[in-house]
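Here is how the chains run, residue by residue.
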Number of protein chains: 2
Amino acid sequence: MTQKLTIQDIANLAGVAKSTVSRYLNNGYVSKEKAMLIDKVIRETGYKSNFFAKRLKTKQSKLIGIVMPRLDSFSAGKLLTGFNIILQQMGYQALILISELNSQKELDNISQLIQQGVDGIIVDSININDNHLKLINQANIPIIFTGQSHDKVNFIKVDDINAGKLMGEYIASLNHQQVVFLGVSPQDNAVGVDRYKGFRQGFLANNPQGKISFVQTDCSLEQAYNSGDTVVSFEPSAVVCATDNIALGLLRYFHEKKIHVPQDISLAGFGGYPVGSISYPSLTSLAFDYKHLGIKTAEKLLSMLQNQPVTSEYDHNMNLIIRESTRLAKI
Amino acid sequence: MTQKLTIQDIANLAGVAKSTVSRYLNNGYVSKEKAMLIDKVIRETGYKSNFFAKRLKTKQSKLIGIVMPRLDSFSAGKLLTGFNIILQQMGYQALILISELNSQKELDNISQLIQQGVDGIIVDSININDNHLKLINQANIPIIFTGQSHDKVNFIKVDDINAGKLMGEYIASLNHQQVVFLGVSPQDNAVGVDRYKGFRQGFLANNPQGKISFVQTDCSLEQAYNSGDTVVSFEPSAVVCATDNIALGLLRYFHEKKIHVPQDISLAGFGGYPVGSISYPSLTSLAFDYKHLGIKTAEKLLSMLQNQPVTSEYDHNMNLIIRESTRLAKI
DNA sequence: CTGTTAGCGCTTTCAC
DNA sequence: GTGAAAGCGCTAACAG
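What counts, and at which threshold
All chains use their own residue numbering, which begins from 1 and follows the written sequence. The lettering of chains begins at A and the numbering of ligands begins at 1, in the order of writing. In keeping with the predicted nature of the model, local features appear solely for residues at pLDDT of at least 70, side-chain atom pairs appear and are counted solely at 80 or more, and the whole-chain, interface and lining totals rest on all residues. Hydrogens are left out, water is left out, and the side-chain values use all remaining heavy atoms of the structure. In this scheme, strands are said to pair when DSSP sees at least two bridges between them. Secondary structure elements are taken from DSSP: a helix is a run of H or I of four residues or more, a strand is a run of E of two residues or more, and numbering for both begins at the N terminus. Structural elements are reduced to axes, namely lines fitted to C-alpha atoms, with helices fitted over the stretch in contact, and the angle between N-to-C directions of any two is expressed from 0 to 180 degrees. Contact definition: two residues touch when any of their heavy atoms are within 4.5 Å. Residue types Ala, Val, Leu, Ile, Met, Phe, Trp, Tyr and Cys, when buried and joined through side-chain atoms within 4.5 Å, form a set referred to as a nonpolar core. The buried label applies to any residue whose accessible area, calculated with a 1.4 Å probe on protein chains only, is under 20% of its type's maximum; exposed applies above 50%, and partly exposed to all values in between. UniProt positions are given in the numbering used here, feature names are shortened, and annotations may be inferred rather than shown by experiment. Residues are labelled near a given molecule or strand when at least one of their non-hydrogen atoms is within 4 Å of it. Here a polar contact means two N or O atoms within 3.5 Å. Within protein one must be a hydrogen donor candidate and the other an acceptor candidate, and residues neighboring in sequence count only if both atoms are side-chain atoms. Alignment of the copies relies on least squares applied to C-alpha atoms, considering only residues that score at least 70 for pLDDT in both. Note on terminology: angles under 35 degrees are roughly parallel, angles over 145 are roughly antiparallel, angles of 65 to 115 are roughly perpendicular, and the others are oblique. Crossings are sorted by hand: turned counterclockwise from the far helix by less than a right angle, the near helix makes the crossing left-handed, and turned clockwise it makes it right-handed. Charged means Asp, Glu, Lys or Arg here, nonpolar means Ala, Val, Leu, Ile, Met, Phe, Trp, Tyr, Cys or Pro, and polar covers whatever is left, Gly included. Buried area adds together the accessible area that both of two parts lose upon being put together, with accessible area traced by a 1.4 Å probe. Lining residues are those with an atom within 4 Å of a point, where the points come from a 1 Å grid over the protein atoms alone and group into cavities, where a 1.4 Å probe fits but cannot get out, or pockets, open sets with protein on both sides within 12 Å along at least five of seven lines. Grid points are joined across faces, edges and corners, and a volume is the space filled by probe spheres set on the points.

1. Points about the sheet that holds strand 4 (residues 143-146) of chain B
(1) Moving on: Within the open sheet, the eight strands sit side by side as 4(A)-3(A)-1(A)-2(A)-2(B)-1(B)-3(B)-4(B). Their pairing is mixed. For this open sheet the edge positions go to strand 4 (143-146) of chain A together with strand 4 of chain B, each flanked by a neighbour on one side alone. The mean angle between the axes of side-by-side strands here comes to 25°, regardless of whether they run parallel or antiparallel.
(2) Moving on: With four bridges connecting them, strand 1 (residues 63-68) of chain A and strand 3 (residues 120-124) of chain A associate as parallel partners. If you follow Ile64(A) over to strand 3 of chain A, its bridge partner there is Gly120(A).
(3) Moving on: Seen against the sheet, helix 6 (residues 103-116) of chain B touches strand 2 (93-98) of chain A together with strand 1 (63-68), strand 2 (93-98), strand 3 (120-124) and strand 4 of chain B and runs at an angle of roughly 150° to strand 2 of chain B.

Okay, here's the thing in structure tokens:
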């Protein structure tokens, strides 16, 4: 446990001034001989410059704050992976805080990050409200949102309405008349409201007489499974679930009740989770590319950091993966 | 965009010395009147102390570095969730770097974190080698490993041998004679070697005549699915997979080949992934509590930070979840 | 209790 | 090219 070396120590050891060492470290002009001297000393001592002193002086933290609702979900993992690709490539590091799906905690996290002096913040939000706007205004750093949208903030998110629409059109094309949409609480505007809204639009535009019954559940496998009785009570020929997780939970219920998918009921979800490809039957899903979204989000934040003008956007990178769980309605 | 205020500005505004403001901020003795004055100014200005200046002075970063092989996996999400619970509770923040399952990158990440001046590091390692030891020795901060073990480092990890053993005993108790262990590369000591080793022990101890055939795959659903032909060529009455993901991939293969689980073949995995509970049939699995492990890991690091003596340990928090995919072998 | 003072380790003028 | 010197914003003695 040796005492940590400072730039002064290196300067002494190399017989130069510390400013020379600093220059060497920051690509300034240093003569070849001194450079070699310094290089040698640094290598021998394993000297590492003090992060905080450097940041204090340069006024750049090279730290990006990230607020996530949770870490243990498919989309969170992919999103973070995407963020990380860009951030580390550009020499930034991620400081990750968890909001635990709690809006107040999300705000607290943002505050804390601002205080810490991060250069910018990415928020995978649950819900954007007036408190967010206030906070953003008094912050002097760029903040970008994803997960939810709001016309007064910078955001980039999946186009849930469009996703719903594509799914609606597909289900309508299969001639289903009686369908159940197994969705989540409208508190989650993106998943709860938009996906459902888009689905109605897409479906009804192509099948005006079709009937859509809405059943509410949450994002857990268990609740989806438990919603089975209610779902079948509507005698649907197709069930569309707001997430693949929900669809998988319901699929399990169908298996147990010997309801055959897709012979008896067609089933589809949103998300494009990998397990959908190996479930039996495999699951038709409107897949999002969260990693790609993460990359774009980080890129946008970095643009903001360079004062480039950015506009909020809905990402259309999504595609319908048709698998075994859906088929034409029986006539 | 107002210029960021310093402690001196606050002091001027409140008509006191900056050290008084500092004391106020750090719970030092300040008279009631001055305290109120300062409080008022701080509130009005929204002053936030400079993170880096403070860290430079106090020599504590309150930052914990975390190196993960990847972020988009079930165990990673749970582990991080666990870390986070403890860290944020103790006023620490996580700086997360990704090694991308690459040992050299893992080392680079550790170096980088040391340089940044984090107070401690948690490494979810792929493989601990001599370079790690060198790095640890020249670092002046505590580093704890998980994921892999090594007798020269501090670690806490799942007891994979024991997990394998429990599974082996269970499969033996079901009277299976011909079993396939669908595992991964021995490069991953924990999952590739220990789980298999434990399984052999547990199984053969209770069924000395039993036959175990080893088939190698990787952790992906696809590869597991592709291993199907090889697996069935051994005509096993039970297949044990090194992870639930692998088991699920294989299950899909069985469905397609109309091989019934568990009637024709029993199937089990390791991990306790939630999808195992809703697959059809539901999957018997040796479940680990990764979140709990994350909590214990963070706690241990924090103990090290306070110079408390710690010992490496294998976590025994695991349990066999018996579901529908396994049953007694036919006689 | 409070103000003054001296740095933490680094970058960056500014002369030489 | 290089060194001396002046801080970045903060905390922590130290007198008073």
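2. Focus on the nonpolar core
Note on soluble globular proteins: their nonpolar side chains tend to be buried together.
(1) Moving on: Judged by nonpolar contacts, the single largest core of 139 residues is most densely connected at Ile66(A), Val239(A), Leu267(A), Ile66(B), Val239(B) and Leu267(B).
(2) Moving on: Those residues within four positions of Val239(A) in sequence are excluded, and the remaining contacts are Val180(A), Leu182(A), Val231(A), Leu250(A), Phe254(A), Ile265(A), Ser266(A), Leu267(A) and Ala268(A).
(3) Moving on: Counting residues in hydrophobic clusters, the runner-up holds 44 residues, among them Leu63(A), Ile121(A), Ala139(A) and Val153(A).

3. A short note on the UniProt feature "domain: HTH lacI-type" (unreviewed entry) in chain A
(1) Moving on: UniProt annotation of "domain: HTH lacI-type" (unreviewed entry) refers to residues 5-58 of chain A when read in the numbering used here.
(2) Moving on: Along residues 5-58 of chain A the backbone is 70% helical and 0% strand, and the end-to-end C-alpha distance reaches 20 Å.

4. As for the protein's contact with DNA strand C
(1) Moving on: Of all residues adjacent to DNA strand C, which total 26 residues, the nearest are Ile7(A), Lys18(A), Tyr47(A), Arg23(B) and Ser31(B).
(2) Moving on: Sugar plus phosphate: this is where 57% of the atoms of DNA strand C within 4 Å of the protein reside.
(3) Moving on: Ala17(B) is positioned with one of its backbone polar atoms (N or O) 3.0 Å from a phosphate oxygen of DNA strand C.
(4) Moving on: Within the side chain of Thr20(B), a nitrogen or oxygen atom sits 2.6 Å from a phosphate oxygen of DNA strand C.
(5) Moving on: Every element with two or more residues in the surface near DNA strand C is listed here: helix 2 (18-25) and helix 4 (51-58) of chain A together with helix 2 (18-25) and helix 4 (51-58) of chain B.

5. Some thoughts on the protein's contact with DNA strand D
(1) Moving on: Taken together, 26 residues lie around DNA strand D, and Thr20(A), Ser31(A), Ile7(B), Lys18(B) and Tyr47(B) are the ones closest in.
(2) Moving on: Within the contact set of DNA strand D, a phosphate oxygen lies 3.0 Å away from a backbone nitrogen or oxygen of Ala17(A).
(3) Moving on: Between Ser19(A) and DNA strand D, the recorded distance is 3.2 Å, taken from a side-chain N or O atom to a base nitrogen.
(4) Moving on: Looking at the surface near DNA strand D, the elements that each hand over two or more residues are helix 2 and helix 4 of chain A together with helix 2 and helix 4 of chain B.
(5) Moving on: It is helix 4 of chain B that contributes the most residues to the surface near DNA strand D, five residues altogether.

6. Points about the relation of the copies chain A and chain B
(1) Moving on: Rotating chain A by 180° about the axis while translating it 0.1 Å along that axis superimposes it on chain B, leaving an RMSD of 0.3 Å. As the rotation angle and translation indicate, the two copies are arranged about a two-fold axis.

7. Things to note about the packing of helix 5 (residues 74-89) of chain B against helix 13 (residues 290-305) of chain B
All names here are of chain B.
(1) Moving on: Orientation of helix 5 relative to helix 13, taken along the N-to-C sense of each, is 40°, at an axis distance of 7 Å. By the angle between their directions, the pair helix 5 and helix 13 is classed as oblique. With respect to the hand of their crossing, helix 5 and helix 13 are arranged in right-handed fashion. In this structure, helix 5 uses Phe74, Ser75, Lys78, Leu79, Thr81, Gly82, Phe83, Ile85, Ile86 and Leu87 to contact helix 13, whose residues at the interface are Tyr290, Lys291, Leu293, Gly294, Ile295, Thr297, Ala298, Glu299 and Leu302.
(2) Moving on: Looking at the contact of helix 5 with helix 13, its residues break down into 11 nonpolar, five polar and three charged.

8. Some details on the interface of chain A and chain B
(1) Moving on: Tallying the contact residues gives 50 residues for chain A and 51 residues for chain B.
(2) Moving on: Between chain A and chain B the total buried area reaches about 4600 Å² when both faces are included, carbon and sulfur atoms providing 57% of it.
(3) Moving on: It is Phe52(A), Arg252(A) and Ile278(A) that lose the most area in chain A upon contact with chain B, and together they represent 16% of the buried surface on that side.
(4) Moving on: At the surface where chain A touches chain B, the tally comes to eight residue pairs in polar contact (both at pLDDT 80 or more).
(5) Moving on: Elements supplying a minimum of two residues to the side of chain A that touches chain B: helix 4, helix 5 (74-89), strand 2, helix 6 (103-116) and helix 12 (244-256) of chain A.
(6) Moving on: Grouping the constituent residues of the side of chain A that touches chain B by class yields 21 nonpolar, 19 polar and 10 charged.
(7) Moving on: As paired elements, strand 2 of chain A and strand 2 of chain B share three bridges and run antiparallel to each other.

9. Observations concerning the side chain of Gln148(A)
Residues and elements named next belong to chain A.
(1) Moving on: With respect to the helices and strands, glutamine 148 occurs in the loop between strand 4 and strand 5 (156-158).
(2) Moving on: Polar contacts involving the side chain of glutamine 148 include one to the main-chain carbonyl oxygen of isoleucine 126, which spans 3.2 Å.
(3) Moving on: A polar atom in the side chain of glutamine 148 sits 3.2 Å from the backbone nitrogen of alanine 190.
(4) Moving on: Not counting the four nearest positions on each side in its chain, glutamine 148 is found in contact with Ser125, Ile126, Asn127, Ile128, Phe155, Lys157, Asp188, Asn189 and Ala190.

10. What about empty space enclosed by the protein?
(1) Moving on: Within this structure, the stated rule accounts for three cavities of 30 Å³ or more.
(2) Moving on: Counted as a void, the largest cavity has a volume near 160 Å³.
(3) Moving on: Forming the boundary of the largest cavity are 14 residues, of which Ile278(A), Ser279(A), Tyr280(A), Ser279(B) and Tyr280(B) lie nearest the centre.
(4) Moving on: Of all the secondary-structure elements, those providing two or more residues to the lining of the largest cavity are helix 12 of chain A together with helix 12 (244-256) of chain B.

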